[in-house]
Amino acid sequence: MSSSTAPQLRSRLPRLAEAAVERARLTVVPRRRTRAPRIPFVTLVSLLLLGGVVGLLLFNTSMQQASFAATALEEQATNLSAREQTLQMELERLRDPQRVAEAAKRQGLVIPLAPAFLDLGTGKVTGSPAPATAEGDTRITAPPPTRPPELDPDPIRLKTRGGSAHTLDGVGTQQDRDGKPRLGQRDQGRDNHRPR
Amino acid sequence: MRRTGSLRPRGRGKRGRLRGSPLVRLRVGFVLIAMVLSVFSARLVQLQGIDPKSYAQMAADEGTVDVVLPATRGDILDRNGEPLADSVDGLMVVADPLMTADRAPEIATFLSKRLDVDYFATLERLRVEDSRYQYIARQVPATLATDVVDAADALGYEGLWTQRDPVRSYPGRDVAANLVGFLGTPRNDGAARALAGLEDTFNGYLAGTDGEARYEVGAGNRIPLGDNTVTEAVDGDDLTTTIDRDLQWYAQRVLRQTVLGARGDSGHAVIMDSRTGELLTVADYPTYDASDPYASAANDGLYKSAALTDVYEPGSVEKVLTLSSLIDAGKVNSRTRFRVPGVLPRQDRPIHDYWEHGLINLTLAGIVAKSSNIGTVLAADEFRRGQLRNYLTGFGLGHRTDIGVGGETKGLLPSGELWTDQTEDRIAFGQGLSVNAVQMAAAVNTIANGGVRIDPSLVHGSALTDDGAEVGTDHVDERRVISEDAAWQMTQMMERVIDPEAGVAPGAAVPGYRVAGKTGTAQRVGPECKCYDGSFTVSFAGFAPADDPRFTIYVVVHNPRNGGGGGSVAGPAFSKLMSYTLRRYGVPPTGSHPSRLPVEW
């Protein structure tokens, strides 16, 4: 295009300007080769690379560290919860009603049979208060195991010439257990085996 | 210089011959390298081409661990949240005999000192041949087990380690053991083995679901960013019962003293909240220690709730049901007069009273107060056919209470052709039918609750049994069996039983309170002959305060050998339990005067 229009343009321009046009003509100049400095770029890339690697390493290390800590803490938690449970068990053992009752009994406490209430507002007493006595108390421990008859034979009684009976067996007959009841008034006879 | 100069070419010539020409060397080198590389590539093809997944799997497995996240078994609690059964992390100590055999005596000494295990048994286990897995101790509290194994490591004993083995503890020992049951030695994987009681009935409800975790480890630590899947464990639910642990404890002690004192075989004591039907106590004697169930061979038959699983004939306590039904049916009232002969001849055999008497004039209240069989049968003649049975069914006899205890009996209430006139006569005073103790307590509680029977319950709220039934206080039904007036008349008559002059059970009185109750002494079907063998079942059922009942208590003693009856054996036990319960729950006396209904005319 320019090759076709340039002569037309030239021809149309006044001859006077020909020299100026001649001067203004573009000419090819040799290319100037600029060399960017390499050092900063290489440094940047190396730094990035190094930073990345070191960062990754640090990150990984810290994660490992966290994992170690987690393991240690988990173990500690397990130990502590086991410890807690052991203490809880100990507590339950101490709170066992049987143990508490035995401890109370050793201090001379008895379970009262007649409940009575004191109204703190009016001072009125309801129920029939009576001092608790050991007599009506309940046996709270299991009776001792009875000896089998083989180990606890009847005492051998010998009649001496004087007629008095002696016991050879020094232990004598077994003592009545204190859990043995005192037979109260029997409301119902026993001789006739009939439903009642 | 020359010399050396002359020597050099010779030496070079020799080496040159050894090395061969460079071309040859190059070729040999290429061949060698090619051979090595082809070995590598063959191996590569083998690894990557042929079944690469299994190798990848093996590599992953190397560092992957599967861990079971154990679900905690739910506790069994009493009504105040006190534990009747709770779970504790436990461990088992396991030995590898291959590693322990050499130093077995030392290790056995150490273990027997620290773990309370038998020295000789341990020694044997540490020396078992061809085994790499021997239990040393099971269900050891976790802290103790880890301490011991750590100490063993420190002493240089190798081949001991621990493994999960949950411990179930029963802090109350024999308290409510009959209801709670127990777990046997866990299976090897640590799963519970429920053997009796609530532990068994609600096994699924209590157990929960184990979770699972899968992750990669390196040197005992979890590898971050490695494979990691976790399914959380679902813990079992707690089972809250309506039992009051302290009251249950006291009832068991009173019952034991009562049974032993009467030289009886066994007994039950049931304490029930009259208004809600909640069972505060279901005690059995004999019972066992749930924390050591195998302590005695005699424990064998005891792993049950005898108050629910055993049947017996209730005797005169049942008259309460017969006579209140009669009043409800409008046939009699508490002042109706009866002429009671000394003997009442009936179709198959004459009926007697327990005491000798001629013709006496008793009111209905007197029949109750004196517990007259003849009077009861005369009164019960007023029933239309089938009416008594309907009432008894209404009171809940012949049906399970379904409170959540396995193996419950429904009792025995004759029906159809078996219900003859003779049967009806006997059933009227409590023979010829069988009940369990909780059933009977619930029936008597109907009178206490103004004629409305309320289902007894053992579980607070709602819980699902393994059989798929929802039980608990949320599922309690009420139904009116007799009118409020009939219940009140019956209550007044039952008060006369406690009266020192009119009644037969003054021993059941609670000082200061109005108490209504009824004795029972029934012929007992012996275990050997399956017939009435001359032994008895004595019982006392009652409630207090009579004019505003809060608690119903039922005490039963089987086969007392001291000649006592319901009033003298079970009555005092009732009195103790009632006064304790009233005090414990802060129920003051109502202050009104007890009934003075005439017993004679």
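Residues numbered from 1 in each chain as written. Chains lettered and ligands numbered in written order. Predicted model: local features only at pLDDT ≥ 70, side-chain atom pairs only at ≥ 80, totals over all residues.

Draft legend 1. How the structure looks around the overall build of chain A. Scanning chain A from terminus to terminus reveals 4 helices and 4 strands. For chain A, the succession of helices and strands along the chain, N to C, is α-α-α-α-β-β-β-β. Each of the 196 residues in chain A was classed as buried or not, and the buried ones make up 6%. In chain A, once contacts between residues fewer than 6 apart in sequence are set aside, the share between residues at least 24 apart is 25%. (Helix = DSSP H or I, 4+ residues; strand = E, 2+ residues; numbered from the N terminus. Buried ≥ 20, exposed ≤ 12 C-beta atoms within 10 Å, placed from the backbone. Contact = placed C-beta atoms within 7 Å.)

Draft legend 2. Structural detail: the overall build of chain B. Each helix and strand counted, chain B has 20 helices and 28 strands in total. Relative to the 2.2 N^0.38 estimate, which gives 25 Å for 601 residues, the radius of gyration of chain B is 39 Å and therefore markedly larger than a compact globule would have. Principal-axis analysis of the C-alpha atoms gives chain B an extent of 165 × 50 × 50 Å. Across the 601 residues of chain B, 48% fall into the buried class. Once local pairs closer than 6 in sequence are excluded, the contacts in chain B between residues at least 24 apart make up 72%. (Rg over C-alpha atoms; globule rule 2.2 N^0.38 Å.)

Draft legend 3. Focus on the interface of chain A and chain B. Each partner contributes residues to the interface: chain A has 48 residues there, and chain B has 59 residues. Secondary-structure elements contributing two or more residues to the side of chain A that touches chain B are helix 3 (38–95), helix 4 (97–106), strand 1 (116–118) and strand 2 (125–127) of chain A. Element by element, the count of residues in the side of chain A that touches chain B is highest for helix 3 of chain A, at 15 residues. The residue makeup of the side of chain A that touches chain B, split by class, is 19 nonpolar, 18 polar and 11 charged. (Nonpolar A, V, L, I, M, F, W, Y, C, P; charged D, E, K, R; others polar.)

Draft legend 4. Local environment of the sheet that holds strand 5 (residues 134–141) of chain B. Residue and element names in this part refer to chain B. Strand order in the open sheet formed by 3 strands is 5-4-6, with antiparallel pairing between adjacent strands. Strand pairing shows two members of the sheet lacking a second neighbour, strand 5 and strand 6 (160–164), which therefore form its edges. Each neighbouring strand pair of the sheet contributes to a mean axis angle of 25°, computed without reference to strand direction. Alignment of strand 4 (residues 90–95) against strand 6, held across 5 bridges, turns out to be antiparallel. Bridging across to strand 6, leucine 91 finds its partner in arginine 164. (Pairing = 2+ DSSP bridges. Axes fitted to C-alpha atoms, helices over the stretch in contact; angles between N-to-C directions.)

Draft legend 5. Representation of the packing of helix 11 (residues 245–261) of chain B against helix 20 (residues 566–584) of chain B. Residues and elements named next belong to chain B. Taken N-terminus to C-terminus, the directions of helix 11 and helix 20 make an angle of 165°; their axes are 10 Å apart at the nearest point. The orientation of helix 11 relative to helix 20 falls into the category roughly antiparallel. You can see that helix 11 and helix 20 cross each other, and the crossing is right-handed. In this structure, helix 11 contributes Leu247, Tyr250, Ala251, Val254, Leu255 and Thr258 to the contact, and helix 20 contributes Val569, Ala573, Lys576, Leu577, Tyr580, Thr581 and Arg584. Class assignment of the residues belonging to the contact of helix 11 with helix 20 gives a composition of 9 nonpolar, 2 polar and 2 charged. (Parallel < 35°, antiparallel > 145°, perpendicular 65-115°, else oblique. Left-handed = near helix turned anticlockwise from the far one by under 90°.)

Draft legend 6. Structural context of the pairing of strand 3 (residues 83–88) of chain B. All names here are of chain B. The element strand 3 is extensively covered by neighbouring structure, given that 5 of its 6 residues are classed as buried. If you look at the hairpin formed by strand 2 (residues 76–77) and strand 3, you'll find 5 residues sitting between the two strands, and glycine 81 has a positive phi there, around 85°. One ladder, built from 3 bridges, connects strand 3 with strand 7 (residues 167–169); its direction is antiparallel. Across the sheet, residue aspartate 86 finds its bridge partner in strand 7, namely serine 169.

Draft legend 7. Up close: helix 7 (residues 142–154) of chain B. All names here are of chain B. With 13 residues, helix 7 extends 18 Å between its outermost C-alpha atoms, agreeing within 8% with the 18 Å of an ideal straight helix rising 1.5 Å per residue. All of the buried residues in helix 7 are Ala142, Ala145, Val148, Val149 and Ala152. Down the axis, helix 7 shows its buried residues gathered within 140° of arc, on one side only. Opposite the buried face of helix 7, by more than 90 degrees, sit the exposed residues Asp150 and Ala154. (Expected span 1.5 Å × (residues − 1). Arc of directions from axis to C-beta.)

Draft legend 8. Looking closely at the confidence of the model for chain B. Residue and element names in this part refer to chain B. Confidence in the prediction of chain B, expressed as mean pLDDT, is 85, and 96% of residues score 70 or more. No element of chain B has a lower mean pLDDT than helix 1 (residues 2–19), at 51, and none a higher one than strand 28 (residues 551–558), at 94. In the predicted structure, residues 1–9 sits below a pLDDT of 50 and forms 0 contacts with residues beyond four places in sequence or in another chain. What the predictor reports for the complex is a pTM of 0.77 with an ipTM of 0.75. (pLDDT = per-residue confidence, 0-100.)

Draft legend 9. How the structure looks around the confidence of the model for chain A. Residue and element names in this part refer to chain A. Per-residue confidence for chain A gives a mean pLDDT of 74; residues scoring 70 or more make up 73%. Looking over chain A, one finds the lowest element-wise mean pLDDT in strand 4 (residues 165–167), namely 49, and the highest in helix 4, namely 90. A low-confidence stretch, residues 167–196 stays under pLDDT 50, and its non-local contacts, those more than four residues away or across chains, total 64 contacts.

Draft legend 10. Up close: the sheet that holds strand 27 (residues 532–544) of chain B. All names here are of chain B. The antiparallel open sheet is built from 5 strands, whose spatial order is 17-16-28-27-26. Sheet topology places strand 17 (279–285) and strand 26 (516–525) at the edges, where each strand pairs with a single neighbour. Each strand of the sheet is rotated relative to its neighbour by a mean of 10°, with strand direction disregarded.

Draft legend 11. Highlighting the environment of B:Leu302. Residues and elements named next belong to chain B. Along the chain, leucine 302 falls in the loop between strand 17 and helix 12 (306–309). Since 18 C-beta atoms lie within 10 Å of it, leucine 302 is described here as partly exposed. Separated by 17 residues in the primary sequence, leucine 302 and tyrosine 285 have C-alpha atoms spaced 9.1 Å apart. With near-sequence residues (within four places) excluded, leucine 302 lies in contact with Pro286, Thr287 and Tyr288.

Draft legend 12. Representation of the environment of B:Ser371 within the structure. Residue and element names in this part refer to chain B. Checked against the element boundaries, serine 371 lands in the loop between helix 14 (364–370) and helix 15 (373–380). Taking the C-beta count within 10 Å as the criterion, serine 371 has 32 such neighbours and is therefore assigned buried. Along the chain, serine 371 and threonine 521 lie 150 residues apart, while their C-alpha atoms are 9.8 Å from each other.

Draft legend 13. Layout of unusual backbone geometry. All names here are of chain B. Proline 286 follows tyrosine 285 through a cis peptide bond whose omega is -5°. Tracing the chain through its elements places proline 286 in the loop between strand 17 and helix 12. Of note, the bond from alanine 544 into proline 545 is cis; its omega dihedral lies within 30 degrees of zero at -15°. Looking at the secondary structure, you find proline 545 in the loop between strand 27 and strand 28.

Draft legend 14. Seen up close, the packing of helix 13 (residues 319–328) of chain B against helix 16 (residues 387–394) of chain B. Residues and elements named next belong to chain B. The contact between helix 13 and helix 16 brings their axes to 10 Å, and the two run at 115°. Of the two possible hands of crossing, helix 13 and helix 16 adopt the one that is right-handed. Contact residues: helix 13 offers Leu321, Thr322 and Ser325, while helix 16 offers Leu388, Tyr391 and Leu392. Taken together, the residues of the contact of helix 13 with helix 16 sort by class into 4 nonpolar, 2 polar and no charged.

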